[in-house]
Amino acid sequence: MIRKLNHLLERRFPERRVFLRSDNDTRYLRITPLTQVVAITGSTVFATWMIIATAILLMDSIGSGNLREQSSRDLVLFETRVAELAHERDMRAEEAAAAQARFNTALAQISDMQSQLLASEERVRELEKGVDVVQTNLRRALKDRDAAEADKAQLIAQRDGGTAAANGMSAEEVEATVDVLAAALADTAAERDEMVVSASRALQMADNLETDLKLMEEKNDRIFTQLEDAVTISVAPLDKMFKSAGMDPEHLIATVKKGYSGQGGPLTPITFSTKGGMIDPDSMRANAIIDKMDRLNLYRIAAQKAPFALPLKDAFRMTSPFGPRWGRMHEGQDFAAAYGTPLYATADGVVTFAGWQSGYGRLVKIQHEFGIETRYGHQSQILVKVGQRVSRGEQIGAMGNSGRSTGTHLHYEIRVQGKAVDPMTYIKAANDVF
């Protein structure tokens, strides 16, 4: 069989001989056509494999370089976005503080204007009583004047008709009586004129007070409108944040009120009343604004107790997200940064576990309000202990590589009523607020 193959291949690949000569002897190496074909085929296959392997390595190297550059660009963009969010959070906090200061100032102005309004109402009532007294005196004076004029006319008629003599009165007595009546009539007329002037002044003063009252009401309306707009703008983002995180705002407020039910504090509603009477529209608007401010304050407390913050403040990159991974469920979000990077509590709560736990390595569990628990795994150092109460932003440990881990990172979990949820739901919900 081999001879036949050599015979067939001999035309293309004639037999070759390689002579090996030494001082005493000469030998040769016989290379058959089949051997030549095998050698050429093997060399060709080897050369092809080398070319393909080299091409693959070059492509992989180029691709890896592009991926590294893309990862670097993504990291820079993410860090820029985080810085922008932090700056925006600070601006929102400053705006909230400014809105609170404006609200306190406006509330003081409303209180002053309410006092002025009550005093104005009291003055108006007093002036109305004075006008009534003046009008009563004026009517009495007019009545006395008419009676005096009637008596004067009667006396003149008696004098002219001789009736005075019949009644035993002399002309001098009649004249004296007429002079007395004329003087009384003149005094009554002067008093009447004075009463008319006083009534006119009182009416003018009442008109001025009514104008001042209208101007004050318009000023109150402008202040109330500005306060209502400011409170609405402050409450709406928080309301959206809680709804985006799948949390019922009304349930949150009810839960917070249970823990802050004391009277006389910042959550106590304030009401305005005019001496126990019906509440006027301005007081009703003020109460509505105070209710919204109360809701804003409750939202602020709830935001402190829910994990809306990031567990890291230094530069980091997100590696493995929440969801299926390697045939099983990955129940958290992984953050990668330098070894020893500080880790912070994302909400107020109580530490329920701080130690080593199987695949988590060094683990810290924090129980928050509303049935929420956060977990921080693979730490290099734990800085809290069980039973300790921590606040949002307080350091609880440092990033490490303990437990079942392929590199330095933080495994961050959020569990609601014991069920794992995506932490990014809370983090993204807070992007427009903090």
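Residues numbered from 1 in each chain as written. Predicted model: local features only at pLDDT ≥ 70, side-chain atom pairs only at ≥ 80, totals over all residues. Heavy atoms only, no water.

## Details of the overall build of the protein chain
So the rule is basically this: Comment: elements are numbered from the N terminus, with helices defined as DSSP H or I runs of at least four residues and strands as E runs of at least two. Whether two residues touch is decided by their heavy atoms; if any such pair falls within 4.5 Å, the residues are in contact. Note on areas: Shrake-Rupley with a 1.4 Å probe; residue coverage comes only from the protein chains shown.
When you go through the protein chain residue by residue, the secondary structure sums to seven helices and 14 strands. Put simply, of all contacts in the protein chain between residues at least 6 apart along the chain, 66% involve residues at least 24 apart. About 27,100 Å² of surface is accessible on the protein chain, with carbon and sulfur atoms providing 56% of the total.

## Notes on the confidence of the model for the protein chain
Just so we agree on the cut-off: A score from 0 to 100, pLDDT tells how confident the predictor is in each residue.
Considering every residue of the protein chain, the mean pLDDT works out to 78; 82% of them sit at 70 or more. Overall, residues 263-270 carries pLDDT values under 50, and its contacts beyond four positions in sequence, including any with other chains, amount to 12 contacts.

## Brief notes about the side chain of Gln379
Filter applied, for reference: Using a 1.4 Å probe on the protein chains alone, a residue whose accessible area is under 20% of its type maximum counts as buried, one over 50% counts as exposed, and one in between counts as partly exposed. For the purposes of these results, a polar contact is taken to be a pair of N or O atoms within 3.5 Å, where, inside protein, one atom must be able to donate a hydrogen and its partner to accept one; residues adjacent in sequence count only when each atom of the pair is a side-chain atom.
Looking at where Gln379 falls in the secondary structure, it is placed in strand 10 (residues 372-382). According to the relative accessible area criterion, Gln379 is buried, its value standing at 0%. A distance of 3.1 Å separates the side chain of Gln379 from the backbone oxygen of Tyr376, its partner in a polar contact. Residue contacts for Gln379: discarding those within four places in its chain leaves Leu343, Arg362, Val364, Ile396, Gly397, Ala398, Gly400 and Ser402.

## Observations regarding the pairing of strand 2 (residues 26-31)
The side chains of a regular strand alternate between both faces of the sheet. Where we set the bar: DSSP bridges decide pairing: two strands pair if at least two such bridges lie between them.
Pairing of strand 1 (residues 16-21) with strand 2 involves six bridges; the strand directions are antiparallel. From the neighbouring strand, Phe19 faces strand 2, where its bridge partner is Tyr28. Linking strand 1 to strand 2, which pair antiparallel, is a turn of four residues.

## Topic: the pattern of salt bridges
How we decide: A side-chain nitrogen of Lys or Arg and a carboxyl oxygen of Asp or Glu constitute a salt bridge if their distance falls within 4 Å.
One pass over the full model with this rule turns up seven salt bridges. Residue Asp334 pairs with Arg325 through a salt bridge whose shortest N-O separation is 3.4 Å. The exposure class assigned to Asp334 is buried, which follows from its relative accessible area of 5%. The salt bridge partner of Glu413 is Arg415, with a shortest N-O separation of 3.0 Å. Like Arg415, Glu413 is buried.

## Here's the deal with the packing of aromatic side chains
Two aromatic rings are characterised by how far apart their centres lie and by the angle between their planes. Keep this limit in mind: For this analysis, a ring pair means two rings from Phe, Tyr or Trp (six-membered ring only for Trp) whose centres lie within 6.5 Å, classed as stacked if their planes differ by under 30 degrees, edge-to-face if by over 60, and tilted for the remaining angles. Lysine NZ or arginine CZ positioned within 6 Å of the ring centre and within 35 degrees of the ring normal marks a charge as sitting over the ring.
All told, the structure shown has six aromatic pairs when counted by the stated rule. Centroid distance Tyr376 to Tyr412: 5.4 Å. Interplanar angle 40°. Geometry classified as tilted. You can see Tyr376 sitting in strand 10 and its partner Tyr412 sitting in strand 13 (residues 410-416), a full 36 residues away along the chain. The same class applies to Tyr376 and to Tyr412, which are both buried. The lysine or arginine in question, Lys313, covers the ring of Tyr344, its NZ or CZ lying 4.5 Å from the ring centre. If you follow Lys365 out to its NZ or CZ, it ends over the ring of Phe353, 5.5 Å from the centre.

## Some points on the side chain of His378
Mapped onto the elements, His378 comes out in strand 10. Here His378 falls in the buried class, since its relative accessible area comes to 5%. In contact with His378, not counting residues within four places along its chain, are Gly359, Tyr360, Arg362, Met399, Gly400, Asn401, Ser402, Gly403, Arg404, Ser405, His409 and His411.

## Regarding the nonpolar core
The cut-off we apply is this: Only buried residues count toward a nonpolar core, which is a set of Ala, Val, Leu, Ile, Met, Phe, Trp, Tyr and Cys residues joined through side-chain atoms within 4.5 Å.
Counting 36 residues, the largest nonpolar core has Phe242 and Met247 as the members making the most contacts within it. The element that contributes the greatest number of residues to this core is helix 6 (residues 281-305), accounting for five residues. Not counting chain neighbours up to four residues away, the residues in contact with Met247 comprise Phe242, Leu252, Ala306, Phe308, Phe370, Ile372 and Tyr426. Within the second largest apolar cluster, 13 residues are counted, among which are Phe103, Leu227, Ile289 and Ile290.

## Topic: a negative patch on the surface
For the record, the criterion: Surface patches are defined over residues having more than 30% relative accessible area and no salt bridge, joining like charges when they lie within 9 Å and nonpolar side chains (Val, Leu, Ile, Met, Phe, Trp, Tyr) when within 5 Å. A residue counts as positive if it is Lys or Arg and as negative if it is Asp or Glu; His and the chain ends are not included. Note on charges: their place is set at NZ of Lys, CZ of Arg, CG of Asp or CD of Glu.
A cluster of acidic residues, Asp144, Asp187, Glu191 and Glu194, forms a negative patch on the protein surface. Top element by residues in the negative patch is helix 4 (residues 171-244). It accounts for three residues. The exposure class assigned to Glu191 is partly exposed, which follows from its relative accessible area of 41%.

## A word on unusual backbone geometry
With a phi close to 65°, Phe370 is a non-glycine residue in the positive phi region. Note on placement: Phe370 falls in the loop between strand 9 (361-367) and strand 10. Despite not being glycine, Gln417 shows a phi value in the positive range, around 55°. Mapped onto the elements of the fold, Gln417 is located in the loop between strand 13 and strand 14 (419-421). Relative accessible area serves as the criterion here: at 64%, Gln417 is assigned to the exposed category.

## Remarks on the environment of Arg295
You can see Arg295 is positioned in helix 6. Put simply, Arg295 and Ile253 are 42 residues apart on the chain and 7.5 Å apart in space, counted from C-alpha to C-alpha.

## Some details on the environment of Arg125
Residue position: Arg125 is located in helix 2 (residues 33-161). Sequence separation of Arg125 and Ala206 is 81 residues, and the distance between their C-alpha atoms is 9.5 Å.

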